[in-house]
Amino acid sequence: MPNTNTRNLHELSADITAVVRDVIATGDDAVITDDGTEVAVIMSMADYDRLHLYAELADAARPGYAGATEFRAMSISEMLDVLGVHPTVDRGLRG
């Protein structure tokens, strides 16, 4: 799993530029919290694009997905399991 920096939503507006630049420079996600609850994440475009690619691959690999009329959302954890990706082992996933 990538390193994450946690930022409070109420303090984010004061340093959003620095947070985004840090994400770009380091590739580390910034988790945004609101009253202690994780509510959002700021991530690099490379990680965002990769996440969507993996989601599409996971959908395509799901048994019975082709032509399915119903869609069931899956968690990122389920998606990684379907793809056989293990973040603690597959460190080369980050751009």
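Residues numbered from 1 in each chain as written. Predicted model: local features only at pLDDT ≥ 70, side-chain atom pairs only at ≥ 80, totals over all residues. Heavy atoms only, no water.

Draft legend 1. Layout of the overall build of the protein. Within the protein, the secondary structure is distributed over three helices and three strands. Ordered by position in the sequence, the α and β elements of the protein form the string β-α-β-β-α-α. Taken over 95 residues, the protein has a buried fraction of 22%. The long-range share in the protein, meaning contacts at least 24 apart out of those at least 6 apart in sequence, stands at 46%. Approximately 6600 Å² of the protein is accessible, and the part contributed by carbon and sulfur atoms is 56%. (Helix = DSSP H or I, 4+ residues; strand = E, 2+ residues; numbered from the N terminus. Buried < 20%, exposed > 50% of the residue type's maximum accessible area, 1.4 Å probe, protein only. Contact = heavy atoms within 4.5 Å. Areas by Shrake-Rupley, 256 points an atom, 1.4 Å probe, with all protein chains shown as cover.)

Draft legend 2. Region of the structure containing the nonpolar core. Counting residues in each nonpolar core, the largest one holds six residues, listed as Leu12, Val19, Val23, Ala30, Ile32 and Ile42. Where this core is concerned, the elements lending two or more residues are helix 1 (9-26) and strand 2 (29-34). Aside from chain neighbours lying at most four places away, what touches Ala30 is Asn5, Val19, Val23, Ala40, Val41 and Ile42. (Core = buried A, V, L, I, M, F, W, Y, C linked by side-chain atoms within 4.5 Å.)

Draft legend 3. Local environment of unusual backbone geometry. With phi around 55 degrees, Asp35 is a residue other than glycine that occupies positive phi space. Within the secondary structure layout, Asp35 lies in the loop between strand 2 and strand 3 (37-42). Under the relative-accessibility criterion, Asp35 is labelled exposed at 68%.

Draft legend 4. Representation of the pairing of strand 2. Taking burial as the measure, the six residues of strand 2 include five buried ones, the bulk of the element. The sheet contact formed by strand 2 and strand 3 spans five bridges and is antiparallel. Considered in strand 3, the bridge of Ile32 is made with Ala40. (Pairing = 2+ DSSP bridges.)

Draft legend 5. Representation of a nonpolar patch on the surface within the structure. Where nonpolar side chains cluster on the molecular surface, the patch consists of Ile16, Val20 and Ile24 and spans about 250 Å² of accessible area. Within the secondary structure, Ile16 sits in helix 1. Since its relative accessible area comes to 34%, Ile16 is described here as partly exposed. (Patch = residues over 30% accessible without salt bridge, like charges linked within 9 Å, V, L, I, M, F, W, Y side chains within 5 Å. Salt bridge = Lys/Arg side-chain N within 4 Å of Asp/Glu carboxyl O.)

Draft legend 6. Region of interest: the pattern of salt bridges. A full pass over the atoms with the stated rule returns one salt bridge. Put simply, Asp47 and Arg50 hold a salt bridge, and the shortest N to O gap is 2.7 Å. Of this pair, Asp47 and Arg50 are both found in helix 2 (residues 45-61), three residues apart, which corresponds to roughly one turn of the helix. Considered together, Asp47 and Arg50 belong to a single accessibility category, that of buried residues.

Draft legend 7. Geometry of the environment of Ile76. Within the secondary structure, Ile76 sits in helix 3 (residues 76-83). The class of Ile76 is partly exposed, set by a relative accessible area of 48%. Separated by 22 residues in the primary sequence, Ile76 and Tyr54 have C-alpha atoms spaced 9.4 Å apart.

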